[in-house]
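Chain by chain, the residues:
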Amino acid sequence: ETGVTQTPRHLVMGMTNKKSLKCEQHLGHNAMYWYKQSAKKPLELMFVYSLEERVENNSVPSRFSPECPNSSHLFLHLHTLQPEDSALYLCASSQGDRFYNSPLHFGNGTRLTVT
Amino acid sequence: TQLLEQSPQFLSIQEGENLTVYCNSSSVFSSLQWYRQEPGEGPVLLVTVVTGGEVKKLKRLTFQFGDARKDSSLHITAAQPGDTGLYLCAGPHKAAGNKLTFGGGTRVLVKP
């Protein structure tokens, strides 16, 4: 198993659909993250979970809803998205007390297209 | 204005040539990380630099952290097609609540 696995790799959804992105880490890390990567913009941090507790919600619209049932799994539930939400969504994990400084291990992302 | 500015945004070179990409800020960083993201994949950590003036080498890649810890550079010697990718620098910044802040990246294309 690779370190951080994301499914699905590609997702096309309409603006009225509800879908979920899944992330699983096999590294024993204690923090997990969702990032958004859009064309010509830096990686944007969306959510951070440390020991299954959300410690960061970076002004993300409520149409994105994260869930972290345990330290190995992270979900991003999507509903009533907008076309501008089309992007690559990356999950990452890290280990350490000062997790903001810790190196990140990324999954290969879910390429989301909202039509 | 981004906290970390990377330049150039895009670089296309022939195999065997050398290249340097830059990561600059007006702020001091306690450390900087460099990642490479290949097409269709997530970013992969290459190195972390911590001490001002530090130089780290990873095979043909040389990373330098500025003396004032406000900038960093990545130099690739004799580039190969496998070096193609998006190079990202990132560091924790107080203005962002010490969250890891990423630069916009430099997209490198090494042609055979």
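Here the structure is shown first, and the text comes after it.
If you're wondering where the values come from, they're calculated on a predicted model, not measured in any experiment.

Visitor: What is the right way to look at the overall build of chain B in this model?
Guide: Each helix and strand counted, chain B has zero helices and eleven strands in total. Its helices and strands taken in sequence order, chain B reads β-β-β-β-β-β-β-β-β-β-β from the N to the C terminus. Radius of gyration (C-alpha) of chain B: 13 Å, near the 13 Å computed for a compact globule of 112 residues. Burial statistics for chain B: of 112 residues in total, 48% are counted as buried. Put simply, 54% of the contacts in chain B that link residues at least 6 apart link residues at least 24 apart. As displayed, chain B has an accessible area near 5,300 Å², and 50% of this comes from carbon and sulfur atoms. Taking the average location of the 11 positive side-chain charges in chain B and that of its 9 negative ones, the two points are 6 Å from each other.

Visitor: Where do I start with the pattern of salt bridges in this structure?
Guide: A pair can form between side chains of opposite charge whenever their charged atoms are brought close. A full pass over the atoms with the stated rule returns six salt bridges over all chains. Here aspartate 85 of chain A ties to arginine 63 of chain A by a salt bridge, and the two come within 2.7 Å at their closest N and O atoms. Of this pair, aspartate 85 of chain A sits in the loop between strand 8 (73-79) and strand 9 (87-94) while arginine 63 of chain A sits in the loop between strand 6 (53-57) and strand 7 (64-70), and the two are 22 residues apart along the sequence. For the salt bridge of arginine 36 of chain B with glutamate 38 of chain B, the shortest nitrogen-to-oxygen distance reads 3.8 Å. We classify glutamate 38 of chain B as partly exposed; its relative accessible area is 31%.

Visitor: So what exactly am I meant to see when it comes to unusual backbone geometry here?
Guide: Negative phi characterises most residues that are not glycine, and trans characterises most peptide bonds. The amide bond that connects threonine 7 of chain A to the next residue, proline 8 of chain A, takes the cis arrangement and shows omega of -10°. By the secondary structure assignment, proline 8 of chain A is in the loop between strand 1 (4-7) and strand 2 (10-13). The residue after serine 7 of chain B, namely proline 8 of chain B, is reached through a cis peptide bond having omega -10°. Its place among the elements puts proline 8 of chain B in the loop between strand 1 (5-7) and strand 2 (10-14).

Visitor: Explanation requested: the environment of threonine 106 of chain B in the structure shown.
Guide: Residues and elements named next belong to chain B. Relative to the elements of secondary structure, threonine 106 occurs in strand 11 (residues 106-111). C-alpha separation for the pair threonine 106 and glutamine 9, spaced 97 residues apart in sequence, amounts to 4.5 Å. Apart from residues lying up to four places away in sequence, threonine 106 is in contact with Gln6, Ser7, Pro8, Gln9, Val21, Gly85, Leu86 and Tyr87. Polar contacts involving the side chain of threonine 106 include one to the main-chain carbonyl oxygen of proline 8, which spans 2.6 Å.

Visitor: Before we go on, may I ask you to explain the packing of aromatic side chains in this structure?
Guide: Ring pairs (aromatic) are described by centroid distance and by the angle formed between their planes. Applying the stated criterion across every chain, the model contains eight aromatic pairs over all chains. Judged by centre distance (5.7 Å) and plane angle (55°), the rings of tyrosine 35 of chain A and phenylalanine 106 of chain A are tilted. In this pair, tyrosine 35 of chain A sits in strand 4 (residues 31-37) while phenylalanine 106 of chain A sits in strand 10 (residues 105-106), placing the two residues 71 residues apart along the sequence. Taken individually, tyrosine 35 of chain A and phenylalanine 106 of chain A each receive the classification buried, so the pair is uniform in this respect. Put simply, the rings of Tyr33, Tyr35 and Phe106 of chain A together with Tyr35 and Phe102 of chain B touch in pairs and so form one group of aromatic residues.

Thresholds applied
- Along each chain, residues carry numbers from 1 onward, in the same order as the chain's sequence is written.
- All chains are assigned letters beginning at A, and all ligands numbers beginning at 1, according to the order in which they are written.
- Per-residue local features are limited, in this predicted model, to residues with pLDDT of at least 70; the limit for side-chain atom pairs, both in listing and counting, is 80 or more; totals at the level of whole chains, interfaces and linings are taken over all residues.
- As a rule here, side-chain values come from all non-hydrogen atoms in the structure, and water together with hydrogens is ignored.
- Starting at the N terminus, helices and strands are each numbered in turn, a helix being any DSSP run of H or I of at least four residues and a strand any DSSP run of E of at least two.
- With C-alpha atoms as the basis for the radius of gyration, the globule rule is written as 2.2 Å multiplied by the number of residues raised to the power 0.38.
- Summary of the burial criterion: residues with accessible area below 20% of their type's maximum are buried, those above 50% are exposed, and those between are partly exposed, where the area comes from a 1.4 Å probe applied to protein chains only.
- Should any heavy atoms of two residues lie within 4.5 Å, those residues are considered in contact.
- Each accessible area value is a Shrake-Rupley result obtained with a 1.4 Å probe; residue values ignore everything except the protein chains displayed when judging cover.
- This count recognises Lys and Arg as positive and Asp and Glu as negative, with His and chain-terminal groups excluded.
- By convention, charge coordinates are those of NZ in Lys, CZ in Arg, CG in Asp, or CD in Glu.
- Should a side-chain nitrogen of Lys or Arg be within 4 Å of a carboxyl oxygen of Asp or Glu, the pair is scored as a salt bridge.
- Counted as a polar contact is a pair of N or O atoms within 3.5 Å, where, for protein atoms, one must be capable of donating a hydrogen and the other of accepting one, and residues adjacent in sequence contribute only when both atoms are in side chains.
- Stacked, tilted and edge-to-face are the three classes assigned to paired rings of Phe, Tyr and Trp, where Trp is represented by its six-membered ring and a pair needs centres within 6.5 Å; plane angles under 30 degrees give stacked, over 60 edge-to-face, the rest tilted.

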